[in-house]
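Below, each chain spelled out in residue letters.
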Amino acid sequence: MSLEKPSRDTALDVGVTEDGLDYDALADLLGGHVLDREEHVNAEGFVIRPDEVQEVLSTLKEEAGFDHCACVTAQEYDDRYESIYHLRKFDDPTQELSIVVPSPKDDPHNESAARVYDTADWHEREAYDLVGIDYDDHPDLRRILLPETWQGHPLSQDYNQDQPQIVSLREHANPLEDDKRSEDDPDTMFVNIGPHHPATHGVLHVETVLDGEQIADLEPDIGYLHRCEEQMCQQGTYRHQIMPYPDRWDYISAGILNEWAYARAAEDLADIDVPEYAQVIRTMSAEMCRIASHELALATFALDVFGDFTAVFQYGIRDREIVQNLLEDLTGQRLMFNYLRLGGVAWDLPEPREEYFEKIRDFLDDLPHKLEEVHDLVTGNEIFQMRCVDTGVLSKEQVKQYGATGPVARGSGVDYDLRRDDPYGYYDELDWNVVTEEGGDNFSRVLVRLREVEESARIIEQCVDLLEQWPEDDREIQANVPRTLRPDPDKEIYRSVEGAKGELGIYIRSDGTDKPARFKIRSPCFSNLQTLPEMSQGEYIPDMIASLGSLDIVLGEVDR
Amino acid sequence: MSSDQTPPAVEDVSTQEARMGDGADDRFNSTLREAFGSTPFILTKFDKFMNWVRGSSMFMLQFGIACCSIEMIHTYAIKHDLDRFGSGVPRASPRQADVIIVPGTIVSKFAPRMKRVYDQMPEPKFVVSMGSCTISGGPFQEGYNVIKGAEEIIPVDIHVPGCPPRPEALIYGVAKLQERIAEGESSPVTVKPYELEQFGDLEQDELVDKLASEIDEEDLVMRYNWNDSP
Ligand code: SF4
C-alpha cells in the first residue's frame, strides 16, 4: 500500500517544493494530457479531455500522491458543462490541484473517476442528478438525491421549477433476490430500515439484505432531506443572504463551524482580512459548537447502543444545554446562530464581559468531572465495549479511498485535521493536539470524539485568556466590507474548514454579480456515509446500527 | 405506614385490618379528595371525561426530520421535560402514538412516507407542526424540491412558528393542543392538495405517459403540481 504512508521518495513528491506546489512539474508529469491551465484562487486547474479522466487521475494518485479526492463540482456554463475534481493530499492538504473536465453542451458526458477514487461514485451520481452530466464507465449511475422518477436536472440552466412531478411510494426490491446463496439455505431477506426509524438519526433509509443474520448487502438511500441548499445559496447575495443557510447544513449546533466554512471561502474570494480579535472570538465560539455537537453525537450513540432514552442520553443533553446557554449569550440564538459576518462577527462579547468569562470558566472547570462520569457510564461499560470494540472496522486505506474525514478518519489513524494542516482562524497560535486513535472501530471513533472535547476545552480556555487581556481600544469585530460585495468575474475557489464531522468545503464561482454563479457544498457526512456498506458487510444488524451511530451523520448535511 | 409503629400481634387482626392500620390510609387523601367531602362522586358527560383523559396523557411519535428535531429532543429531555405536562413518552411506532410533531422541512421524496406514517396512527390523532418549514417551507420556500408546508400533506392542529421554535414555544404549542382536546374542539378542515393515489388513477397527461413505463398502475404515487402551491 504505497499510499498509506507516502514515503518521501521522489515519485510521490512531484512538484513539491519548500514554498508550495510547483505546478509546472505536475504539468510535465501529465504531459500532453493538459490542454490548458486555469488559475483558481486555491490552486491551479488543469483542463483535460473528457475521455482521459481515469488516466490522468490515476497518474496523479499513484505518482504524485494526490490521495484525497475531496469533492466533485459539476456546473453548466453558457457554452459547455464542466466537472471539477478537487484533489489534495491527506498528508498535506495545502497541496491542492483541480482537474477541470469540460464536456459538450448538447451531450454532456465524461469518463467517471469512480474506478480511481471510490468516493467519486456518489459525488458523480449527485452531479448527474442535479446538473445532468453523464459519467461513462460509472458503476451505477442513478439519481441519488432526488426521487428516481424526477424529471429534469434542477441545477442546469433550462430547468423549469414549476413543472409538475410525480413521486412513487413502492416496495423496494431485494437486490439479491435471484442470488441463491447456497444449496441448503437459498434465502436472503430484505429489511428496510428507515426513512422513519429511531436509529437512523433522521430521515436516512438503509436498504439491507440479510443472509441469515448477517448483512449480505447494504445501501444507504439518501435524499429525504434534500432541501436545495445549493440553489438557495446561489439565489442569495454574498454579503447577508447566504450566511443563515450554513447553520442549517449540520444543524446539530455546529452552526458557527459551518458559517466559518462559508466565511472563509467568501473572504478569500473577495480578499477580505479579518481582524485578529474577531478571529479569536470565532475560534472560541466554533469550539463551543464542536463540543455541543460531539455531546449530541455521544448521546445519540449511547441511545443506539444501550437503547434507552434515559441516563446516558440525558447526561449528554444536560451538558449540551450549558454550551447552548453560552452560545445563546453570545449570539442570541440557541441553534441557528447566524453570528459570523464576512470580515468578522456580528457583535462583541456580551456585557458584562467578566460575567461571561466566568460562566465559560465554570463550564470548563466542570468539564473534566463530567467527562469522567461519561467515561464511567459509557466507555468503561462492559456491554458498551462488547458492542463497539472491533465492530465496524474501517481501515486507513478505506478511509482515504472514500475521502472520509473528521473523527471518522482520525479514529482510523489518519492524522488529518484542517485546523492544523491548513490553518485558519487563530488555531496555529494556540496550544492543542490533534487526536487520533488507531483502532478504526466504533469504539475508537467514540474515543476520538470524547478526547476532542477535551482539546476543544483547552482551545476555549486559551481564547478566554486572550480575550480577557485584549486592550479595550483594539476590539475590532468587523473589517470594513462594502455593503454589496461583487467579487471579480470568473474567480473560482474551493476552501474548507474542519467542521464537527470533518472537512466541510465550499466551492464558489463568481460571475461579477453580487450572487455566486455556482455554490457547491462538500459535506463531510456525505463522504463519511459512503463507508457504511464497507463497515457493515458481514456484520449483524445491531453492529450496523452501532456503526451508523459512530459515523455521526446528520442528514441535513448529507442531503443538503 | 411508618416503621416505628409497633405492628399489632398477628393473631389479633385480619390482614385487611392490618393494612388499614389506624383508620383509613391517607395515601389517597389528596386535597381534591378532601374537597369532595363525604360524597366522592363527580357527575360529568362521558365525552367530556374522555376528552380530558385524552389531553392529559398523550403519546408522542418519535419522529425527527430536520433541524427542528434537535430542539424537539431538547424539549423531551431534561431541563424542559415535556413529560411534566402529560405528553412526554415518545413512541417509536406510529401505531402507538396519539400525536405527531412534524419537526422540519418536508421534501418531495419524504412527503409520501410521512403521509404513510400519519395514516398508520390510530384515531383520534393530532398533529403539531413545528417550525416555519412546516408552515410554508420556511427558509427553503423557493426550493425546487420543498413542500410548502405540512398542511399540503396532512391536516395540522397547531402550528408552532420559529426557526427553530424554542423548546418553550413547543411546550406552549403542545399545551394549547391539550387545551383544545380537553375542550373537544376538532381539528380544522384544511385543503390537502397532495394525496397518495394509484398511478393508474392519475389523469393522463404528458408526464404520466412518460412515466408509464417506469411505474406500475397499482403503485402509489404523489403528484406535485407546484404551480398550485401557495
Ligand atoms: S423551521 Fe428552521 S430550524 Fe426548523 S427545520 Fe426548518 S429550517 Fe430547520
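Residues numbered from 1 in each chain as written. Chains lettered and ligands numbered in written order. Predicted model: local features only at pLDDT ≥ 70, side-chain atom pairs only at ≥ 80, totals over all residues. Heavy atoms only, no water.

An unreviewed UniProt entry lists chain B under the name NADH dehydrogenase subunit B (Ubiquinone), with Haloarcula vallismortis ATCC 29715 given as the organism. Under the UniProt heading Cofactor (unreviewed entry), the entry covering chain B gives this text: "[4Fe-4S] cluster". Word for word, the UniProt comment on chain B under Sequence similarities (unreviewed entry) is "Belongs to the complex I 20 kDa subunit family." (UniProt positions renumbered as here; feature names shortened; annotations may be inferred.)

An unreviewed UniProt entry annotates chain A as NADH dehydrogenase/oxidoreductase of Haloarcula vallismortis ATCC 29715. Quoted verbatim from the Subunit (unreviewed entry) heading of the UniProt record, the comment on chain A is "NDH-1 is composed of 13 different subunits. Subunits NuoB, CD, E, F, and G constitute the peripheral sector of the complex."

Draft legend 1. Here's a closer look at the nonpolar core. Ranked by internal contacts, the top residues of the largest apolar core, which has 205 residues, are Y85 and I99 of chain A. When residues of this core are assigned to their parent elements, the largest contribution, 16 residues, is made by helix 6 (residues 276-306) of chain A. One finds C68, V99, I171 and L177 of chain B within the second-largest nonpolar core, a separate group that totals 18 residues. (Core = buried A, V, L, I, M, F, W, Y, C linked by side-chain atoms within 4.5 Å. Buried < 20%, exposed > 50% of the residue type's maximum accessible area, 1.4 Å probe, protein only. Helix = DSSP H or I, 4+ residues; strand = E, 2+ residues; numbered from the N terminus.)

Draft legend 2. A look at the sheet that holds strand 18 (residues 518-522) of chain A. Residues and elements named next belong to chain A. Taken in spatial order, the three strands make up an open sheet running 16-17-18, and their pairing is antiparallel. Bordering the open sheet on either side are strand 16 (492-498) and strand 18, each of which pairs with just one other strand. The mean angle between the axes of side-by-side strands here comes to 15 degrees, regardless of whether they run parallel or antiparallel. As paired strands, strand 16 and strand 17 (residues 503-509) are joined by seven bridges and run antiparallel to one another. The residue of strand 17 that forms the bridge with R495 is I506. (Pairing = 2+ DSSP bridges. Axes fitted to C-alpha atoms, helices over the stretch in contact; angles between N-to-C directions.)

Draft legend 3. Seen up close, the UniProt feature "domain: NADH:ubiquinone oxidoreductase 30kDa subunit" (unreviewed entry) in chain A. Under the feature "domain: NADH:ubiquinone oxidoreductase 30kDa subunit" (unreviewed entry), the UniProt entry names residues 47-163 of chain A. Counted over residues 47-163 of chain A, helix gives 20% and strand 29%. Its end C-alpha atoms are 36 Å apart.

Draft legend 4. View of the pairing of strand 3 (residues 36-39) of chain A. All names here are of chain A. In this sheet, strand 4 (residues 44-47) lies alongside strand 3 in antiparallel orientation, the contact comprising four bridges. In the strand pairing of strand 4, R37 is matched with F46. The turn linking strand 3 back onto strand 4 is made up of four residues.

Draft legend 5. Local environment of the layout of surface pockets. Considered as a void within the structure, the second largest pocket measures approximately 400 Å³ in volume. If you go around the second largest pocket, you meet 17 residues; those closest to its centre are N192, G194 and P195 of chain A together with R113 and R116 of chain B. Contributions of two or more residues to the lining of the second largest pocket are made by strand 11 (189-193) of chain A together with helix 5 (111-120) of chain B. When residues of the lining of the second largest pocket are assigned to their parent elements, the largest contribution, four residues, is made by helix 5 of chain B. The residue inventory of the lining of the second largest pocket, partitioned by class, reads six nonpolar, seven polar and four charged. (1 Å grid on protein atoms, 1.4 Å probe; cavity = no way out; pocket = protein on both sides within 12 Å on 5 of 7 lines; lining within 4 Å. Points joined across faces, edges and corners; volume = space filled by probe spheres on them. Nonpolar A, V, L, I, M, F, W, Y, C, P; charged D, E, K, R; others polar.)

Draft legend 6. Representation of helix 16 (residues 541-551) of chain A. All names here are of chain A. The buried count for helix 16 comes to nine of eleven residues, which makes it a mostly enclosed element. If you check which residues of helix 16 are buried, you get D543, M544, I545, A546, S547, L548, G549, S550 and L551. Directly beyond the C-terminal end of helix 16, a positive phi value near 55 degrees is found at D552.

Draft legend 7. Here's a closer look at the interface of chain A and chain B. Counting residues at the interface gives 59 residues for chain A, matched by 58 residues for chain B. Of the roughly 5200 Å² buried between chain A and chain B, counting both surfaces, carbon and sulfur atoms make up 63%. In this assembly, chain A and chain B are joined by four salt bridges. Taking the shortest distance from any N to any O, the salt bridge between E71 of chain B and R334 of chain A comes out at 2.7 Å. (Contact = heavy atoms within 4.5 Å. Buried area = accessible area lost by both parts, 1.4 Å probe. Salt bridge = Lys/Arg side-chain N within 4 Å of Asp/Glu carboxyl O.)

Draft legend 8. Layout of the site of the ligand. Inspection of the region around the ligand gives 16 residues, with C67, C68, S132, C133 and C163 of chain B positioned closest. By residue class, the composition of the shell around the ligand is nine nonpolar, five polar and two charged. (Near = heavy atom within 4 Å.)

Draft legend 9. Expanded view of the pairing of strand 4 (residues 126-130) of chain B. All names here are of chain B. Within strand 4, five of the five residues are buried, leaving the element largely enclosed by the surrounding structure. Neither face of strand 4 is open: one carries F126, V128 and M130, the other V127 and S129, and all of them are buried. Sheet topology places strand 3 (residues 99-103) next to strand 4; five bridges connect them, and they run parallel. Residue V99 lies in a different strand from strand 4, and its bridge partner there is F126.

Draft legend 10. Structural detail: the UniProt feature "domain: NADH:ubiquinone oxidoreductase-like 20kDa subunit" (unreviewed entry) in chain B. UniProt's entry tags residues 67-177 of chain B with the feature "domain: NADH:ubiquinone oxidoreductase-like 20kDa subunit" (unreviewed entry), counted in the numbering of this structure. Secondary structure over residues 67-177 of chain B splits into 32% helix and 14% strand, and the C-alpha atoms at its two ends are 22 Å apart.

Draft legend 11. Up close: the sheet that holds strand 3 of chain A. Residues and elements named next belong to chain A. With mixed pairing, five strands are arranged side by side in an open sheet as 3-4-7-6-5. In this open sheet, the two edge strands, each paired with only one partner strand, are strand 3 and strand 5 (68-76). With direction set aside, neighbouring strand axes in the sheet form an average angle of 25 degrees. Note: strand 5 against strand 6 (residues 80-88), eight bridges, orientation antiparallel.

Draft legend 12. Main features of empty space enclosed by the protein. On inspection of all chains with the given rule, the structure shows seven cavities of 30 Å³ or more. Counted as a void, the largest cavity has a volume near 460 Å³. Forming the walls of the largest cavity are 29 residues, and the residues nearest its centre are P198, H201 and G202 of chain A together with G64 and I73 of chain B. Going through the elements one at a time, helix 6 of chain A together with helix 4 (67-76) of chain B are the ones with two or more residues in the lining of the largest cavity. It is helix 4 of chain B that provides the largest number of residues to the lining of the largest cavity, a total of five residues. Residue classes in the lining of the largest cavity are distributed as 19 nonpolar, eight polar and two charged.

Draft legend 13. Focus on the packing of helix 6 of chain A against helix 7 (residues 311-331) of chain A. All names here are of chain A. The contact between helix 6 and helix 7 brings their axes to 9 Å, and the two run at 160 degrees. Of the possible angle classes, the one that applies to helix 6 and helix 7 is roughly antiparallel. Viewed along their axes, helix 6 and helix 7 form a crossing whose handedness is left-handed. Class assignment for the residues of the contact of helix 6 with helix 7 results in 16 nonpolar, four polar and three charged. (Parallel < 35°, antiparallel > 145°, perpendicular 65-115°, else oblique. Left-handed = near helix turned anticlockwise from the far one by under 90°.)

Draft legend 14. Here's a closer look at the domain arrangement of chain B. Residues and elements named next belong to chain B. The assigned domain composition of chain B is domain 1 (46-182) and domain 2 (196-228). The C-alpha centroid of domain 2 is placed 29 Å from the C-alpha centroid of domain 1. On the domain 2 side, the residues contacting the eleven residues of domain 1 number five residues. Linking domain 1 with domain 2 are zero salt bridges. The interface formed by domain 1 and domain 2 includes one residue pair in polar contact (both at pLDDT 80 or more). Its residues assigned to classes, the side of domain 1 that touches domain 2 comprises six nonpolar, two polar and three charged. (Domains from an automatic or database assignment. Polar contact = N/O pair within 3.5 Å; in protein donor to acceptor, adjacent residues only side chain to side chain.)

Draft legend 15. Quick peek at the domain arrangement of chain A. All names here are of chain A. When its domains are assigned, chain A resolves into domain 1 (16-136) and domain 2 (229-559). A C-alpha centroid distance of 27 Å is found between domain 1 and domain 2. Taken together, the 35 residues of domain 1 in the interface contact 32 residues of domain 2. Carbon and sulfur atoms supply 54% of the area that domain 1 and domain 2 bury against each other, a total of about 2800 Å² over both sides. When the area that domain 1 buries against domain 2 is broken down by residue, the three leading residues are V41, F90 and W122, summing to 24%. Close ionic contact of K520 with E126 constitutes a salt bridge, the shortest N to O distance being 3.0 Å. Where the side of domain 1 that touches domain 2 is concerned, the elements lending two or more residues are strand 5, strand 6 and helix 3 (120-130). The element that contributes the greatest number of residues to the side of domain 1 that touches domain 2 is strand 5, accounting for eight residues. Residue classes in the side of domain 1 that touches domain 2 are distributed as 14 nonpolar, nine polar and twelve charged.

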